[in-house]
Amino acid sequence: MPAHPRPSSDEPASAPVPSLAIVGAGPRGTGLLERLAANAPALLGTGRLDVHLVDPHPPGGGRIWRRDQSPLLWMNSLAEDVTMYTDDSVEMAGPVRHGPSLAEWAARVRDGEETIPLDPGTAAEARRLTPRSFAGRRLQSAYLTWVYERAVAALPRGITVHEHRRRAVRLAGPPDGRQRLWLEGRTEPLHADLVVLALGHLDAEPAPEEQALAAFAADHRLTYLPPRFTADADLGGLRPGEPVLVRGLGLAFIDLMVLLTEGRGGHYTADDAGTLTYHPSGREPVLHVGSRRGVPYRAKPGYAWHGERPPLPRFLGPARIEELRRRPGPPDARRDLWPLVEKELGFAHYHRLFTAHPGRVSVGWADFEEKYAACEPGSAALDTLVAASVPDPADRLDLAALDTPLAGLRLPDGDSLQAALRAHIEADLARRHNPCHSPDLAVFHALLSAYGQLAALGDTGPRRHGFFSYLASGPPGPRLRQLLALSRAGLVRFLGADTAVEADPVRGVFRAHSPSVPGRAVEARALVEARLPEPSVARSRDPLLRGLAGEAGVTAGGLLTVRPEDGRLLGRDGRPHRRRFALGPHTDARASAAFARPRGNAPAFRQNDATARAALTFLRDRTG
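Residues numbered from 1 in each chain as written. Predicted model: local features only at pLDDT ≥ 70, side-chain atom pairs only at ≥ 80, totals over all residues. Heavy atoms only, no water.

### Remarks on the overall build of the protein chain
Convention followed: Elements are defined by DSSP. Helices are runs of H or I of four residues or more, strands are runs of E of two residues or more, and each kind is numbered from the N terminus. Using C-alpha atoms as the atom set, the radius of gyration is obtained and then compared with a globule rule of 2.2 Å times the number of residues to the power 0.38. For each residue, the accessible area found with a 1.4 Å probe, counting protein chains only, is set against the maximum for its type, and the residue is called buried under 20%, exposed over 50%, and partly exposed in between. In what follows, residue pairs with any heavy atoms lying within 4.5 Å of each other are defined as contacts. Methods summary: accessible areas were calculated by the Shrake-Rupley approach with a probe of 1.4 Å, and residue burial reflects only the protein chains presented. All tallies of charge rest on Lys and Arg as positive and Asp and Glu as negative; His and the ends of each chain are not included. For this purpose, a charge sits on NZ of Lys, CZ of Arg, CG of Asp or CD of Glu.
Looking only at helices and strands, the protein chain has 17 helices and 22 strands in total. For 624 residues, the compact-globule formula gives about 25 Å, and the C-alpha radius of gyration of the protein chain, at 25 Å, lands near that figure. Its C-alpha atoms put the protein chain at 75 × 65 × 55 Å along the principal axes. In the protein chain, buried positions account for 55% of the 624 residues. Once local pairs closer than 6 in sequence are excluded, the contacts in the protein chain between residues at least 24 apart make up 75%. With an accessible surface of roughly 26,500 Å², the protein chain has 51% of that area assigned to carbon and sulfur atoms. Put simply, the protein chain has 79 plus and 72 minus side-chain charges, and the middle of one group is 3 Å from the middle of the other.

### Quick look at the pattern of salt bridges
Note the threshold: Throughout this description, the term salt bridge denotes a Lys or Arg side-chain nitrogen within 4 Å of a carboxyl oxygen of Asp or Glu.
Evaluated as defined, the whole model comprises 47 salt bridges. For arginine 63, the salt bridge is made with aspartate 203, and the minimal N-O distance between the two is 3.0 Å. Note that arginine 63 is positioned in the loop between β3 (49-54) and β4 (74-78) and aspartate 203 in the loop between β10 (194-197) and α5 (208-219), a separation of 140 residues in sequence. Residue classification places arginine 63 among the buried residues on the basis of a relative accessible area of 17%. A salt bridge links arginine 531 to glutamate 529, with the shortest nitrogen-to-oxygen separation between them at 2.9 Å. Using a relative accessible area of 33% as the deciding quantity, one classes arginine 531 as partly exposed. We classify glutamate 529 as buried; its relative accessible area is 2%. If you follow the salt bridges from partner to partner, you end up with Arg63, Arg66, Asp203, Arg228 and Asp232 in one network.

### Regarding the packing of aromatic side chains
What counts, and what does not: Ring pairs are drawn from Phe, Tyr and Trp, using the six-membered ring of Trp, whenever the two centres fall within 6.5 Å, and their geometry is named by plane angle: stacked under 30 degrees, edge-to-face over 60, tilted for the rest.
Inspection of every chain in the model, using the stated rule, returns 17 aromatic pairs. Here the aromatic rings of tryptophan 105 and tyrosine 143 are separated by 5.7 Å at their centres, their planes lie at 55°, and the arrangement is tilted. Note that tryptophan 105 is positioned in helix α2 (residues 102-110) and tyrosine 143 in helix α4 (residues 137-154), a separation of 38 residues in sequence. For tryptophan 105, a relative accessible area of 0% corresponds to the buried category. Ring geometry for tryptophan 338 against phenylalanine 467: centres 5.2 Å apart, planes inclined by 85°, an arrangement best described as edge-to-face. Remark: phenylalanine 467 occurs in helix α14 (residues 462-472) and tryptophan 338 occurs in helix α8 (residues 333-356); sequence separation between them is 129 residues.

### Observations regarding the confidence of the model for the protein chain
Should pLDDT be low for a region, the predicted coordinates there are not to be read in detail. Note the cut-off: Per residue, pLDDT measures the predictor's confidence, with a range of 0 to 100.
For the protein chain, the mean per-residue pLDDT works out to 93, and 96% of the residues sit at or above 70. When the criterion is pLDDT under 50, residues 6-13 qualifies, and its contacts beyond four places in sequence or with other chains add up to 10 contacts.

### Concerning the sheet that holds strand β18 (residues 509-513)
Backbone-to-backbone hydrogen bonds join strands into a sheet, with any given pair of strands oriented parallel or antiparallel. How we decide: At least two DSSP bridges between two strands are needed for those strands to be called paired. Between the N-to-C directions of two axes lies an angle of 0 to 180 degrees, each axis being a line fitted to C-alpha atoms and, for a helix, fitted only over the stretch in contact.
Strand order in the open sheet formed by three strands is β17-β18-β19, with antiparallel pairing between adjacent strands. At either end of the open sheet lies a strand with only one pairing partner, and these are β17 (500-504) and β19 (521-524). Strand-to-strand twist in this sheet, taken as the mean axis angle between neighbours without regard to direction, amounts to 25°. Here four bridges tie β18 to β19, and the two strands are oriented antiparallel to one another. Within the sheet, the bridge partner assigned to phenylalanine 510 lies in β19 and is alanine 524. The strands touched by α5 are β17 and β18; relative to β18, the strand with the most contacts, the crossing angle is about 135°.

### A closer look at the environment of histidine 306
Summarising the element assignment, histidine 306 is placed in the loop between β15 (286-290) and α7 (318-326). The exposure class of histidine 306 is exposed, given its relative accessible area of 59%. Sequence separation between histidine 306 and alanine 356 is 50 residues, and the spatial gap between their C-alpha atoms is 9.0 Å.

### What to know about the pairing of strand β6 (residues 159-164)
Buried residues dominate β6, accounting for six of its six residues. What you see with β6 is no split at all: Ile159, Val161 and Glu163 on one side and Thr160, His162 and His164 on the other are buried throughout. Both β3 and β6 contribute to a ladder of six bridges, which runs parallel. Residue pairing across strands places leucine 53 opposite glutamate 163, the latter belonging to β6.

This is the structure we're talking about:
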């Protein structure tokens, strides 16, 4: 019979079985377990192994994707674009074990091919889900639970999983000896031959500016919510009808918007043209929201790909990444990396324009591609080539305009800004759902390709990562249509670009202003930071991670340094720890997500496979 998870026991094992502890049972820990099951028959044979899975939250979904959150919250990826399984595109040494995407799994549930206990609402959603639906997070949680249980069932007979529903609080042990892992509520540590940290997104102590704002709020009896996972935030202090300042227009803001509107009893209706109207419950606050760009993340493309795909990667592939890794010192993001990303995105954009919309260009693709390859990114020669080959400026890729759409905009009053922002969102929705603009979808694919390549370079800084999220990880189109309805209802008010927030000790309020409307300021007694905290070892609220700061290597950006080949933790001296590994956003080998699009050669899948093989090989060699 295959191994099955069993609850932990405070009694030590009766025999010295080799052991592996995985701290974190969310999607990354589950993906690693799947790779252990795939690789163990070849690397461990019939050997025994105890796998200790440590997480206070249920395995599969973990904290972020747990079932216990509002059914109103969605994923921001299409169901057909979410999988936990490798395929032939993944460049790895281990075997491919095929499995269903979220959409395929839901179809199996609907057709009775898979049986899994679901509450009535989630079961109904599974039945109506289509490949191009945006699933709720509860349904994704059910999928991840199923993947976890399937991975455990696939383990060879000699491998047993022990679930520890506790938090790991401390890790100790020499590089050449067994590791000791202390769990919350226990006095004796768990002993393991190897430890893998798969911690996912964690809470963090506030940065200095956030600490000052929190202290100001406490002194003046205001409400201040620092960066954190929105589903965990206490929103009770955001009172009906009162203004709330919000910094951030990404996915955390979308969750906040949903929880404070539909989550408080409001609802939408649609007219014959599909235009939404929001009907308030009277319990909503008024959200005044701004950010550096001043606009929401771009909507997810609303049409499928057809025709020839750009041959990616073209200018930012493994050979160029290896060349950058061999250079002394870390690469400079602005000097070394962004020009390559810019050229890659331009290549994808124009490849699609020339091959799918040839009537909108004046030369052949082969001639353009040869000249494009010879041009430096951002050069006058490139501008001349594009102007001569693409007659309509609207068909040319302008990354600066995409990145800062409100640059230089100055409006006389707040109402003018609301109208301008609604027009911007409506134009974005129209464009992202119109196949005539399919070069946008090519750029979307190029962003995913470039981000996957850059993952091998480690900590390249948050700035360009933010650009990737803004352009490629935006909300579903229906969410932006809801945002428009809330704006028309006066429950969301846009602040503009380069929003600045200050504390006014005289009036005892927070105040926000933006150069988009000179001289205008908005005051409120509540301020919300609508974003996740940046991963940081030093500021993490996770005691285990913070406790590693003195001995582990840490980048200037606050991330654990790991060996790219297998995820082994590096010490402050740069040497790999033989018995510790780390995966996820708190490392400098962070990948874009623990799950990914099918046939995308996902970095997380490559990392999971390399770490699983390294761990199994170590354990095999140690036990002979």
